[in-house]
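Examining the three-dimensional arrangement
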Amino acid sequence: MLGGAGILLGVSAAPAQAAEVSYATECIPPAISGLPPVQGTTKVEITAPAEAKVGDEVEIVWKFVQAASKNPNILDLGQDTVQPTGTLKAAGAQTADIAMEGPRQNPPIPKNSDMKLSDMKGKLKLTAPGEVTLTPDAYNINVNKPISTDTKCTPKETVKSAATIKVTDGSGGPGGTTGGLPTVVPTLPTGLPTDVPTGLPTGTSSPSTPTPTPTPSESETGGDSGGSSTGGGDGGQTDFTGKEVQVPYECKTPIGDKEATSPVQINAKKSGGSFDLTVQFKKSVMDSPADIPKDSVKPSMEVVLGGADKGTVHVEGPTNSEAIKSGDPIEIPDLTGTYKPGASGESTLSPGVLTIEALGTTTTCTPARTEVSLTLDTTEQASGASGGGSAGSSTGGSAGGSSTDGGLAATGAEDHGSLKALGLVAGTALLLGGAVFTFMPGRRLR
């Protein structure tokens, strides 16, 4: 029998009773996972005192014999990252929705294996004599790492009562069966863990140093020349505004290949013989799909050079400076870096490979095609581009691992050594500025 089950507060407890009930259940995975609803069977054991009297506050235990859904084949869940909450229905002599909550205690749960949920407990103050039935209802499974997500499970059939408490009026008689309302009904917890990922910040850059393989720009051989300038010579214009271009990105994630199109603009400011670049994701405000902890997601890009000059320029943005709550609006930060020309003439700049570091993982989004956003008149500088891997510089420490195939790379950090699939997808969605991800043709995960 479960420890603490059937405790009767304030009086001597009658012998506890435990009964099991099962019911068809539908579980809705978090939207960010892209997974369909799951149909399954929940098996629950309810433990409560067999008898009590009016005025007693009794403790009830909900034990999961079987949860309706498994841990999907996405990522392993770490120890003590899963917490169940739910509702137990009281009916008969009195009616109430009893808030049930379990501790965040679980063994490691490998992907594609049964969920291991802690026992939930709740209390009910008895207000009327008669028989009070206890019936399991909806429950929620919260996972707080790598990001805070909820899987909501609801009955899809009428559930049988799992236990009955015989309530006396205090004199030993069962009394009538007219219902009353409980004077104490615990409420569901409102605080959810915040140590999780989901969004990007605004602010100045404090970049890292990932160096993904650059993607050649189709516009190097023709097409629209984008924004123009006359900034190569002495004096004249110093600020150059590029045009907004639509970039279709192809990203590989642990839950399937993803596509998203995002509007990008490259601007420049002349600084001596070099240019300070700013890459902006335009019209990119969106609501965060989950809680995102501080300093958890960081973007960078390789700007592709064309025309007179060749190579790439590394630009990067800051991590989110503050935690972002689920549902709060998010703005994508500017990516910045310095371009040192390696050739004289008319040089073009196009959005290239986008790298996203999120919760100790790295993924790469490659443009399916790109076009020129900005054209500059450049003068060759010592140690400039002209075909180099990164024509410029950026400041800030390195972060995260790297992946040569556009997938994820674990960094080995103690807290985030395993693949953090959901956090990665969240970071990718945020960086692409609200663009809607769609599954490319392929097998659906279950």
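All of these numbers come straight from a predicted model, not from anything done at the bench.

1. Examining the pairing of strand S24 (residues 354–358)
Most of S24 sits inside the fold, with five of its five residues counted as buried. The side-chain alternation of S24 yields two buried faces, one formed by Leu-354, Ile-356 and Ala-358 and the other by Thr-355 and Glu-357.

2. A closer look at the packing of aromatic side chains
Inspection of the entire model under this criterion finds five aromatic pairs. Taken together, a centroid distance of 6.2 Å and an interplanar angle of 70° make the contact between Trp-62 and Tyr-139 edge-to-face. Of this pair, Trp-62 sits in strand S5 (residues 57–66) while Tyr-139 sits in strand S11 (residues 130–143), placing them 77 residues apart in sequence. Take Trp-62: its relative accessible area is 0%, and that puts it in the buried class. Take Tyr-139: its relative accessible area is 3%, and that puts it in the buried class.

3. Notes on the side chain of Gln-265
Within the secondary structure, Gln-265 is located in strand S16 (residues 256–271). A distance of 3.5 Å separates a polar atom in the side chain of Gln-265 from the backbone oxygen of Gly-242. At 3.0 Å, the side chain of Gln-265 forms a polar contact with the side chain of Asn-267. Once residues lying within four places of it in the same chain are set aside, the contact partners of Gln-265 are Thr-241, Gly-242, Lys-243, Glu-244, Thr-278, Val-279, Gln-280, Lys-282 and Ser-373.

4. Looking at the confidence of the model for the protein
Mean pLDDT over the protein stands at 74; residues scoring 70 or higher make up 63%. Here residues 229–234 is modelled with pLDDT under 50, and outside its nearest four sequence neighbours on either side it reaches 18 contacts, counting other chains as well.

5. Remarks on the pattern of salt bridges
Counted under the stated rule, the structure contains four salt bridges. Two residues, Lys-156 and Glu-26, come together in a salt bridge whose shortest N-O distance is 4.0 Å. Residue Lys-156 is located in the loop between strand S12 (149–155) and strand S13 (163–168), and its partner Glu-26 is located in strand S2 (residues 16–28); the two are separated by 130 residues in the primary sequence.

Parameters and conventions
- Residues numbered from 1 in each chain as written.
- Predicted model: local features only at pLDDT ≥ 70, side-chain atom pairs only at ≥ 80, totals over all residues.
- Heavy atoms only, no water.
- Buried < 20%, exposed > 50% of the residue type's maximum accessible area, 1.4 Å probe, protein only.
- Helix = DSSP H or I, 4+ residues; strand = E, 2+ residues; numbered from the N terminus.
- Phe/Tyr/Trp six-rings, centres within 6.5 Å; stacked < 30°, edge-to-face > 60°.
- Polar contact = N/O pair within 3.5 Å; in protein donor to acceptor, adjacent residues only side chain to side chain.
- Contact = heavy atoms within 4.5 Å.
- pLDDT = per-residue confidence, 0-100.
- Salt bridge = Lys/Arg side-chain N within 4 Å of Asp/Glu carboxyl O.

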